[in-house]
Amino acid sequence: RERWLAAVAVLVTLLAAGAAPREVALRDASKGGLGLAETLDLPPGAELRVRLMAGTVAARVARHAPGGTSLAFRLDDAAAPVIAAFLAQLRPAAA
């Protein structure tokens, strides 16, 4: 089972073809994707790039729900370390 991390007050930048870069707030994040705190005006399956704190990765719109959009990362050898570094930045420091 995939572990989701709360990502309150974290912004990422969405880079979609033909559109200006757009900053959006996250709800949560996992190694498989992101939960955005707003609904995007892109259909499920739409491809985009997401600029995270650790780098940029490819993603697609997975689904829309009330108050948000879920993105699924395109997982490959180049994306894995970027996603891992991003998730490490979200984890609270050990007490």
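Residues numbered from 1 in each chain as written. Predicted model: local features only at pLDDT ≥ 70, side-chain atom pairs only at ≥ 80, totals over all residues. Heavy atoms only, no water.

Caption draft 1: A look at helix H1 (residues 79-90). Counted at 1.5 Å a residue, the expected span for H1 with its twelve residues is 16 Å, and the 17 Å between its end C-alpha atoms agrees. Every buried residue belonging to H1 is among Ala79, Val82, Ile83, Phe86, Leu87 and Leu90, and all of these are buried. Each buried residue of H1 lies within a common arc of 130° when the element is viewed along its axis, so the set occupies one face. (Helix = DSSP H or I, 4+ residues; strand = E, 2+ residues; numbered from the N terminus. Expected span 1.5 Å × (residues − 1). Buried < 20%, exposed > 50% of the residue type's maximum accessible area, 1.4 Å probe, protein only. Arc of directions from axis to C-beta.)

Caption draft 2: Structural view of the pattern of salt bridges. Enumeration over the complete set of coordinates arrives at two salt bridges. Put simply, glutamate 38 and arginine 22 hold a salt bridge, and the shortest N to O gap is 2.1 Å. Of this pair, glutamate 38 sits in the loop between strand E4 (33-36) and strand E5 (47-52) while arginine 22 is found in strand E3 (residues 22-30), placing the two residues 16 residues apart along the sequence. Close ionic contact of arginine 74 with glutamate 47 constitutes a salt bridge, the shortest N to O distance being 2.3 Å. In this pair, arginine 74 is assigned in the loop between strand E7 (68-73) and H1 and glutamate 47 in strand E5, connecting sequence segments 27 residues apart. Accessibility expressed as a relative area gives 35% for arginine 74, which makes it partly exposed. (Salt bridge = Lys/Arg side-chain N within 4 Å of Asp/Glu carboxyl O.)

Caption draft 3: A look at the side chain of threonine 13. Here threonine 13 lies in strand E2 (residues 11-15). Residue contacts for threonine 13: discarding those within four places in its chain leaves Pro21, Arg22, Glu23, Arg49, Val50 and Arg51. (Contact = heavy atoms within 4.5 Å.)

Caption draft 4: Structural view of the environment of glycine 32. Residue position: glycine 32 is located in the loop between E3 and E4. For the pair glycine 32 and alanine 80, spaced 48 residues apart in sequence, the C-alpha to C-alpha distance is 9.8 Å.

Caption draft 5: Region of the structure containing the pairing of E2. Relative to E3, E2 is paired through four bridges, and the arrangement is antiparallel. In the sheet register, threonine 13 faces E3, and the bridge partner there is glutamate 23. Counting the residues in the hairpin turn of E2 and E3 gives six residues, including glycine 18, whose phi is positive at 75°. (Pairing = 2+ DSSP bridges.)

Caption draft 6: Representation of the pairing of strand E6 (residues 55-65) in the model. Here six bridges tie E5 to E6, and the two strands are oriented antiparallel to one another. Across the sheet, the residue bridging to leucine 48 is alanine 59, located in E6. Here E5 folds back onto E6, and the loop between the two strands holds two residues. Judged from the six bridges that link them, E6 and E7 form a sheet pairing that is antiparallel. Note that in E7 the partner of histidine 64 across the bridge is threonine 69. A loop of two residues connects E6 with E7, the two strands running antiparallel in sequence, and glycine 67 in this loop sits at a positive phi of about 80°.

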